[in-house]
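Single-letter residue listing:
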Amino acid sequence: MLRILDILTGHKRLTLTENDRAVLVRKGRIIDLLGAGEHRIKRDDVVEVHTLTAAVFTSGNVDTLLRDAPALAVKHLVEVRTGASEVVLVARDGRLMSAIGPDTRIHLWADAGPFDITRHDVATDVRVPDDLAKRLTRARLVTLMTSADVAEGHVGVMTLDGTNPTVLPAGAHTFWNVGPKVAVKHVDTRLRSHDVTGHEILTRDRVTLRVNLAADFRVVDPVTAVTKVRDFEEALHRALGLAFRRTLGALTLDALLADKVAVDAGAADAVRTEMAALGVEVGAIALKDVILPGEMRDILTAVVAAEKEAEANVIRRREETNATRSLLNTAKVMAENPVMLRLKELEALEVIAGKVERLTVHNGTAGLLGDIVKLRE
């Protein structure tokens, strides 16, 4: 009967569950917001059904509702607005459901609440607390966050819109990406070595040579190292090259090759002083190699060979003199003692006899055996 009555009067029935809400539009105007139950509406009415599961009221008629039916909006909706530097987090039943960026407006179904609304001012603090970052990650609400991971042995120098550098320790750091622009530059604070290879230098006696340098360094003031120069390692490379160019350029080639350690000490102080002002501590500096041009290397090789040959001749003559003196002393002993002379003859004969099968000895008028008998007697 009701169905027939509705047909005759131009009406229809709309049934909504406890989880449904509907916007009733009649002749282009919002008439009502319908809740759970059965509703008798006109056949030409337009019904826009929403579910409370989404909680956020998303409709093209939202501005019309606020303008033409503000009482309905206040009764059924909760408006959330954010400022120019605000992030708002909306939680329901202890679980985050929405993250709203600056200058944004949303409307929530009041019946879907209650809601827990938290505001964060990103202008004063761009960091996201670790526990909140984990909650947002679990809720998959990460569009308003950015992260920077600083490795062990490193620090991060964070700037906000290019200013206010701050040091970040090793670990994971999370920031709001809707406030000031955050930039993090990673700086290695471990002890490292820097090499300068093939650096050409002209000595005082106009010899062109190449040197290889090495320096140990570490960053002790990351903010100064990052802000004072564009690249502190490049500054160290330049300081090493210039300091050694000035020091080695004032020496002759012979002086340079004679004492490289003293040269290192003279140039190292200038480098350490310059880099200390940039927040870099320089340790040991070594002049590893001195590479001569080909023709100069050949000349020096010839000079060294001549010097060593002369030294060898001196040693050879000294040894020959010692040997002659020893022979002279032996001859004097044999001349004064015939028995010693005969013993030397017998030693020589023994050596010879051990190397041949047969030996014939001719020994003067008395004979060698007679001499041996006389020695025995």
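Residues numbered from 1 in each chain as written. Predicted model: local features only at pLDDT ≥ 70, side-chain atom pairs only at ≥ 80, totals over all residues. Heavy atoms only, no water.

## Some details on the nonpolar core
(1) Moving on: In terms of nonpolar packing, the biggest core is built from 34 residues, with Phe232, Leu240, Phe244, Val271, Met275, Val282 and Ile285 touching the most fellow members.
(2) Moving on: Elements supplying a minimum of two residues to this core: strand E12 (154–160), strand E16 (192–202), strand E17 (208–219), helix H5 (222–227), helix H6 (232–249), helix H8 (260–276) and strand E18 (280–291).
(3) Moving on: Ranked by residue count, the leading element in this core is H6, at eight residues.
(4) Moving on: Residues in contact with valine 271, not counting those within four places in the same chain, are Leu236, Ala239, Leu240, Ala243 and Ile285.
(5) Moving on: Within the second largest apolar cluster, 22 residues are counted, among which are Val25, Leu65, Ala73 and Trp109. (Core = buried A, V, L, I, M, F, W, Y, C linked by side-chain atoms within 4.5 Å. Buried < 20%, exposed > 50% of the residue type's maximum accessible area, 1.4 Å probe, protein only. Helix = DSSP H or I, 4+ residues; strand = E, 2+ residues; numbered from the N terminus. Contact = heavy atoms within 4.5 Å.)

## A look at the pattern of salt bridges
(1) Moving on: Summed over the entire model, instances satisfying the criterion amount to twelve salt bridges.
(2) Moving on: Across the pair arginine 119 and glutamate 86 runs a salt bridge, and its minimum N-O distance is 3.0 Å. In this pair, arginine 119 is assigned in strand E10 (residues 115–121) and glutamate 86 in strand E7 (residues 86–92), connecting sequence segments 33 residues apart.
(3) Moving on: Several salt bridges converge on common partners, so that one network encompasses Asp188, Arg190, Arg192 and Glu233. (Salt bridge = Lys/Arg side-chain N within 4 Å of Asp/Glu carboxyl O.)

## Digging into the packing of aromatic side chains
(1) Moving on: Taken as a whole, this structure holds one aromatic pair when the rule is applied.
(2) Moving on: Relative to tryptophan 109, the ring of phenylalanine 57 lies with its centre 5.0 Å away and its plane at 75°, an arrangement referred to as edge-to-face. Placement of phenylalanine 57 in the loop between strand E5 (46–51) and helix H2 (62–68) and of tryptophan 109 in strand E9 (residues 105–109) is noted, with a sequence separation of 52 residues between them. In this pair, the class of phenylalanine 57 matches that of tryptophan 109, namely buried. (Phe/Tyr/Trp six-rings, centres within 6.5 Å; stacked < 30°, edge-to-face > 60°.)

## A short note on H6
(1) Moving on: Over its 18 residues, H6 runs 25 Å from end to end, which matches the ideal 26 Å to within 8%, given 1.5 Å per residue.
(2) Moving on: Measuring from the backbone nitrogen of glutamate 233 back to the side-chain oxygen at the start of H6 gives 3.0 Å, which picks out aspartate 231 as the cap. (Expected span 1.5 Å × (residues − 1). Polar contact = N/O pair within 3.5 Å; in protein donor to acceptor, adjacent residues only side chain to side chain.)

## Examining the sheet that holds E17
(1) Moving on: Pairing in this open sheet of three strands is antiparallel, and the strands run E16-E17-E18 from one edge to the other. On the outer flanks of this sheet lie E16 and E18, each paired with one strand and no other. The average angle at which neighbouring strand axes cross in this sheet is 20°, direction not considered.
(2) Moving on: Examined bridge by bridge, E17 and E18 share nine bridges and lie antiparallel to one another. Bridge pairing in E18 links asparagine 212 to aspartate 289.
(3) Moving on: Across the face of the sheet, H6 comes into contact with E16, E17 and E18 while running at roughly 40° to E16. (Pairing = 2+ DSSP bridges. Axes fitted to C-alpha atoms, helices over the stretch in contact; angles between N-to-C directions.)

## Regarding the side chain of threonine 224
(1) Moving on: Relative to the helices and strands, threonine 224 resides in helix H5.
(2) Moving on: Residues contacting threonine 224, with those up to four places away along its chain left out, are Ala277, Leu278 and Gly279.

## Here's the deal with the side chain of threonine 159
(1) Moving on: One can find threonine 159 in strand E12.
(2) Moving on: Excluding residues that lie within four positions of it along the chain, threonine 159 makes contacts with Asn164, Pro165, Lys181, Val182 and Ala183.

## Quick word on helix H4 (residues 130–138)
(1) Moving on: Residues of H4 that are buried: Leu132, Ala133 and Leu136. Viewed end-on, H4 has its buried residues packed into an arc of 100°, placing them on one side of the element. Opposite its buried face, H4 presents the exposed residues Asp130, Asp131, Lys134 and Arg138, each directed more than 90 degrees away.
(2) Moving on: Here the buried face of H4 lies against E7, strand E8 (95–100), E10, strand E11 (145–150) and strand E14 (171–176). (Arc of directions from axis to C-beta.)

## Re unusual backbone geometry
(1) Moving on: Residue proline 114 is bonded to the preceding glycine 113 through a cis peptide linkage, with omega at 10°.
(2) Moving on: Looking at the element boundaries, proline 114 is found in the loop between E9 and E10.
(3) Moving on: In this structure, aspartate 161 is a non-glycine residue whose phi angle is positive, near 55°.
(4) Moving on: In the Ramachandran plot, asparagine 164 falls in the positive-phi region, its phi being about 50° despite a non-glycine side chain.
(5) Moving on: The class for asparagine 164 is exposed, based on a relative accessible area of 53%.

## A short note on the environment of leucine 144
(1) Moving on: As for its position among the elements, leucine 144 is in the loop between H4 and E11.
(2) Moving on: Placed 31 residues apart in sequence, leucine 144 and phenylalanine 175 show a C-alpha to C-alpha distance of 8.5 Å.
(3) Moving on: Aside from chain neighbours lying at most four places away, what touches leucine 144 is Val87, Ala99, Ile100, Gly101, Phe175, Trp176, Asn177 and Val178.

## Here's the deal with the environment of aspartate 161
(1) Moving on: Structurally, the position occupied by aspartate 161 is in the loop between E12 and strand E13 (163–168).
(2) Moving on: Overall, the relative accessible area of 53% leaves aspartate 161 in the exposed class.
(3) Moving on: With 22 residues separating them along the chain, aspartate 161 and alanine 183 place their C-alpha atoms 7.8 Å apart.
(4) Moving on: Only 2.7 Å separates the side chain of aspartate 161 from the backbone nitrogen of lysine 181, close enough to count as a polar contact.

## Points about the pairing of E17
(1) Moving on: Where E16 and E17 come together, nine bridges link them in antiparallel fashion. Across the sheet, the residue bridging to aspartate 195 is alanine 214, located in E17.

## As for the sheet that holds strand E2 (residues 20–26)
(1) Moving on: Across the sheet, which stays open at both edges, the three strands sit in the order E3-E2-E5 with antiparallel pairing between neighbours. The strands lining the two open edges of the sheet, one partner per strand, are strand E3 (29–34) and E5. Taking each pair of neighbouring strands and ignoring which way they run, the sheet shows an average axis angle of 20°.
(2) Moving on: Both E2 and E5 contribute to a ladder of six bridges, which runs antiparallel. Considered in E5, the bridge of arginine 21 is made with histidine 50.

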